[in-house]
Amino acid sequence: MAVDIRPIEASERPEALALWVKVFNVEEAFFRRYFDADPWNHEGDTFGAWDGERLASAVHVCRRPVEWEGEILVCGGIAAVATLEEYRRQGVSRDLLREAIGLMEREGMAFSLLFTGVPHHYAPLGWEQAETPWLAVELSAAPEADPASAPFAFSDALMRLYHQQPRRPVFFDRPQAYFRDYVGWNYTTRSYRVIDDPAGYAVLSLPTGEDGLPRVMELRAADQAAEASLLSRCAAAAWDAGKRTLELHAPPQFGARALSALGAVRTETAANRMFRNVSMQEARYQRLLDAFRSGGATWWPGDGF
């Protein structure tokens, strides 16, 4: 079946939103922030496949400037790859992905990142899996720490703590409006809590039922002592919730000693991240991949797309 593949115009965004809601069964606000809360969004960053006046498939590119080895590089995030059931397995979304690659090449983006559970769909077009580490701690005893926390709410203090030194490799500089409206929306519509400290903060997901485990979704600290304190307080919150395992989205920046003091630590890997070199010198691109594979660099869930 022939479809017309082209960028989606601003006036056609409601059709894209409706498609994404239908395919992913997620509230429209999650996708609307691509257009309303992303300061780097350009008209033409969303591609659609049209069957007459019907939008059959869509792909969105999120531009994300990151600091890597003293230089600002633009990552092209592939988001919201969605196709209506009757148009699947016809190569439509891959044609859209080729359009996205062309955009990234024309705009001089450095690399691309996407999150998926179907890597075979993207591998033929050059994306490769990069397994990244996450940790789990089996808590041995109730931590002697104050577990106090509060619902996520954007503040200038939180923004300052996020941007403080030292920073992880591949640092993403969040502007205030993005932090408040893009990251903030992601956290405040879920059961996320913030544990803060004068020198850092942690974002903790606490399950509301018996299933699921507490998980540290974001962690920023100025030094090892602040990080250890935050981790201990996250563990205390998990213990108070009746959970004896604490997960971490990424390894601590200052090493795992603080975790070992809380209990037995095990390392797991996530295989849902795929990267693609767009315009980087290959050796430098491989160093970037190694930074993610080692857990030194990470992509926080609040910046997901």
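Our structure's up above, just so we're on the same page.
Counting starts from 1 at the beginning of each chain's written sequence and moves along it residue by residue. The predicted origin of the model limits local features to residues at a pLDDT of at least 70 and limits the giving and counting of side-chain atom pairs to 80 or more, whereas totals for whole chains, interfaces and linings rest on all residues. With hydrogens and water excluded, all non-hydrogen atoms of the structure serve as input to the side-chain values.

A. Up close: helix H4 (residues 156-163). Relative accessibility under 20% of the residue-type maximum defines a buried residue, over 50% an exposed one, and the middle range a partly exposed one, all with a 1.4 Å probe and only protein chains included. We count a stretch as a helix when DSSP gives it H or I for four or more residues in a row; a strand needs E for two or more, and each element gets its number in order from the N terminus. All buried positions along H4 are accounted for by Leu158, Met159, Leu161, Tyr162 and His163. Against strand S9 (171-172), helix H5 (176-188), strand S10 (192-197), strand S11 (200-205) and strand S12 (215-221) lie the buried residues of H4. Whether two residues are in contact is decided by their heavy atoms: any pair within 4.5 Å suffices.

B. How the structure looks around the nonpolar core. As used here, the term nonpolar core means buried Ala, Val, Leu, Ile, Met, Phe, Trp, Tyr and Cys residues forming a set that is joined through side-chain atoms within 4.5 Å. Formed by 81 residues in total, the largest nonpolar core has its most connected members in Trp20, Tyr34, Phe111 and Phe275. With 7 residues, the top contributor of residues to this core is helix H6 (residues 224-240). Contacts of Phe275, omitting those with residues within four sequence positions, involve Phe111, Ser112, Leu113, Gly126, Trp127, Glu128, Ala130, Tyr285, Leu288, Leu289 and Phe292. Within the second largest apolar cluster, 19 residues are counted, among which are Phe47, Ala100, Tyr122 and Leu125.

C. How the structure looks around the sheet that holds S12. Strand pairing follows a simple DSSP-based rule, namely that at least 2 bridges must link the two strands. Taken together, the 7 strands give an open sheet; going across it, the order is S8-S10-S11-S12-S13-S7-S14, and neighbouring strands pair in mixed fashion. Each edge of the open sheet is held by one strand with a lone partner, namely strand S8 (150-151) and strand S14 (263-270). Examined bridge by bridge, S12 and strand S13 (residues 245-248) share 2 bridges and lie parallel to one another. Looking at S13, one finds that Arg215 is bridged to Glu247.

D. Expanded view of empty space enclosed by the protein. Here the term cavity refers to a set of points on a 1 Å grid, laid over the protein atoms alone, in which a 1.4 Å probe fits but cannot get out; the term pocket refers to an open set having protein on both sides within 12 Å along at least five of seven lines, with lining residues being those that place an atom within 4 Å of a point. Grid points are joined across faces, edges and corners, and a volume is the space filled by probe spheres set on the points. Counting across every chain of the model gives 2 cavities of 30 Å³ or more. Roughly 120 Å³ of internal volume is contained in the largest cavity. Around the largest cavity, the lining residues are Tyr162, Arg167, Arg168, Pro169, Val170, Phe171, Phe172, Arg220, Thr298, Trp299, Trp300 and Asp303. Tallied by class, the residues present in the lining of the largest cavity amount to 7 nonpolar, 1 polar and 4 charged. The volume enclosed by the second largest cavity comes to roughly 70 Å³. The wall of the second largest cavity is formed by Thr132, Pro133, Trp134, Arg215, His249, Ala250, Ala270, Arg273, Phe292, Gly295, Ala297 and Thr298. Nonpolar residues are Ala, Val, Leu, Ile, Met, Phe, Trp, Tyr, Cys and Pro. Charged residues are Asp, Glu, Lys and Arg, and all others, Gly as well, are polar.

E. Summary view of unusual backbone geometry. Geometrically, the link from Gln165 to Pro166 is a cis peptide bond, its omega value of -5° lying close to zero. The phi angle at Asn25 is positive, at roughly 55°, despite the residue not being glycine. Structurally, Asn25 can be placed in the loop between helix H1 (13-24) and helix H2 (28-36). In this model, Glu69 sits at a positive phi of 55°, which is unusual for a non-glycine residue. Tracing the chain through its elements places Glu69 in the loop between strand S3 (54-68) and strand S4 (71-83). The exposure class assigned to Glu69 is partly exposed, which follows from its relative accessible area of 43%.

F. Region of the structure containing the packing of H2 against H5. It is the contact of H2 with H5, at a shortest axis distance of 10 Å, that shows an interaxial angle of 165°. Considering their axes alone, H2 and H5 lie roughly antiparallel with respect to each other. Considering the relative orientation of H2 and H5, their crossing is left-handed. Counted together, Ala29, Phe30, Arg33 and Tyr34 of H2 and Tyr182, Trp185 and Asn186 of H5 form the full contact between these two elements. Each axis is a line fitted through C-alpha atoms, and for a helix only the stretch in contact is used; angles between axes span 0 to 180 degrees, taken between their N-to-C directions. Put simply, angles under 35 degrees are roughly parallel, angles over 145 are roughly antiparallel, angles from 65 to 115 are roughly perpendicular, and the rest are oblique. Crossings are assigned a handedness: left-handed for a near helix turned anticlockwise from the far helix by less than a right angle, right-handed for a clockwise turn.

G. Main features of the packing of aromatic side chains. Pairing of aromatic rings covers Phe, Tyr and Trp, the last counted by its six-membered ring, and requires centre-to-centre distances within 6.5 Å; plane angles under 30 degrees mean stacked, over 60 mean edge-to-face, and any other angle means tilted. Inspection of the entire model under this criterion finds 23 aromatic pairs. Relative to Phe305, the ring of Trp299 has its centre 5.9 Å away and its plane inclined at 70°; by these criteria the two rings are edge-to-face. A relative accessible area of 4% means that Trp299 is categorised as buried. Only when the NZ of Lys or the CZ of Arg is both within 6 Å of the ring centre and within 35 degrees of the ring normal is a charge said to sit over the ring. Here the guanidinium or amino end of Arg33 rests over the ring plane of Phe30, the centre of that ring lying 4.2 Å away. Stacked on the ring of Tyr182, the Lys or Arg Arg64 has its end atom at 5.2 Å from the ring centre.

H. Seen up close, H6. With 17 residues, H6 should reach 24 Å at 1.5 Å per residue; the first-to-last C-alpha distance of 24 Å fits that figure. Looking only at H6, the buried set comprises Ala226, Glu227, Leu230, Leu231, Ser232, Arg233, Cys234, Ala235, Ala236, Ala237 and Ala238. Those residues of H6 hidden inside the fold are in contact with strand S7 (132-139), S10, S11, S12, S13 and helix H7 (257-260). Between a side-chain oxygen at the N-terminus of H6 and the backbone nitrogen of Ala225 the separation is 3.3 Å; the capping residue is Asp223. In the stretch just after H6, Gly242 is the one whose phi turns positive, near 85°. Here a helix's expected span is defined as the number of its residues, less one, multiplied by 1.5 Å. Polar contacts here mean pairs of N or O atoms no more than 3.5 Å apart (in protein, one a potential hydrogen donor and the other a potential acceptor; neighbouring residues in sequence count only if both atoms are side-chain atoms).

I. Highlighting the side chain of Asp38. One can find Asp38 in the loop between H2 and strand S2 (46-51). From its side chain, Asp38 meets the backbone nitrogen of Trp40 in a polar contact 3.0 Å long. Here Arg64 takes part through its side chain, which lies 2.8 Å from a polar atom of the side chain of Asp38. When residues no more than four places from it in sequence are discounted, the contact partners of Asp38 are Arg33, Cys62 and Arg64.

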